[in-house]
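# Understanding the architecture of this molecule
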Amino acid sequence: MARKYEVILFLNPDLDDTGVAAELKEFEKIIAKAEGTILSKSTPRLMEMGYRIKKKKTGYYVLAEIEINPEEVKTVERALTLQETILRYTVILKKQKKVLL
């Protein structure tokens, strides 16, 4: 059963608009290969991080909501780790709202 997750990405600030778009396309391919779907994705924006990551003080911040099987999350995380332009990522399980009938 697919579950909803939030994925936070910080991309290298040295990328231009074309590079950021290419990285987001690659992110979409990673999710599609894991048989997941992207429900929503924020517009990338340059933000200052709380601490330096790989000697960078800023990065492009992207928040995406995805729906994917829990077994595939490790596959997605491994693929994101291999992307050199991704400074940091976080995958967070969204809490399910309980509905009383």
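Everything that follows concerns the structure shown earlier in this document.
Residues numbered from 1 in each chain as written. Predicted model: local features only at pLDDT ≥ 70, side-chain atom pairs only at ≥ 80, totals over all residues. Heavy atoms only, no water.

### Re the packing of helix 1 (residues 17-33) against helix 2 (residues 73-82)
Where helix 1 meets helix 2, the axes come as close as 9 Å, and the angle between the chain directions of the two elements is 155 degrees. Between helix 1 and helix 2, the crossing angle belongs to the class labelled roughly antiparallel. Classified by chirality, the crossing of helix 2 by helix 1 is right-handed. Between helix 1 and helix 2, the contacting residues are Phe27, Ile30 and Ile31 on the first element and Val76, Ala79 and Leu80 on the second. Looking at the contact of helix 1 with helix 2, its residues break down into six nonpolar, no polar and no charged. (Axes fitted to C-alpha atoms, helices over the stretch in contact; angles between N-to-C directions. Helix = DSSP H or I, 4+ residues; strand = E, 2+ residues; numbered from the N terminus. Parallel < 35°, antiparallel > 145°, perpendicular 65-115°, else oblique. Left-handed = near helix turned anticlockwise from the far one by under 90°. Contact = heavy atoms within 4.5 Å. Nonpolar A, V, L, I, M, F, W, Y, C, P; charged D, E, K, R; others polar.)

### Considering the packing of aromatic side chains
Taken as a whole and assessed by the stated rule, the structure comprises one aromatic pair. Centroid distance Phe10 to Tyr61: 5.5 Å. Interplanar angle 55 degrees. Geometry classified as tilted. Taken together, the residues span a long stretch of sequence, with Phe10 in strand 1 (residues 3-11) and Tyr61 in strand 4 (residues 56-68) at a distance of 51 residues. For the pair Phe10 and Tyr61, one class covers both residues: buried. (Phe/Tyr/Trp six-rings, centres within 6.5 Å; stacked < 30°, edge-to-face > 60°. Buried < 20%, exposed > 50% of the residue type's maximum accessible area, 1.4 Å probe, protein only.)

### Brief notes about the pattern of salt bridges
Oppositely charged side chains may form a pair once their charged atoms are brought near each other. In the structure shown here, the tally under the stated rule is five salt bridges. The salt bridge partner of Lys56 is Asp14, with a shortest N-O separation of 2.6 Å. One end of the pair, Lys56, is in strand 4; the other, Asp14, is in the loop between strand 1 and helix 1, with 42 residues separating them in the sequence. Residue Lys56 is classed as partly exposed on the basis of its relative accessible area, which comes to 22%. Judged by its relative accessible area of 57%, Asp14 falls in the exposed class. Among the ionic pairs, Lys74 bridges to Glu77, the shortest N-O distance being 3.8 Å. One end of the pair, Lys74, and the other, Glu77, are both in helix 2, three residues apart, so they sit about a helical turn from each other. Note on Lys74: relative accessible area 64%, which makes it exposed. (Salt bridge = Lys/Arg side-chain N within 4 Å of Asp/Glu carboxyl O.)

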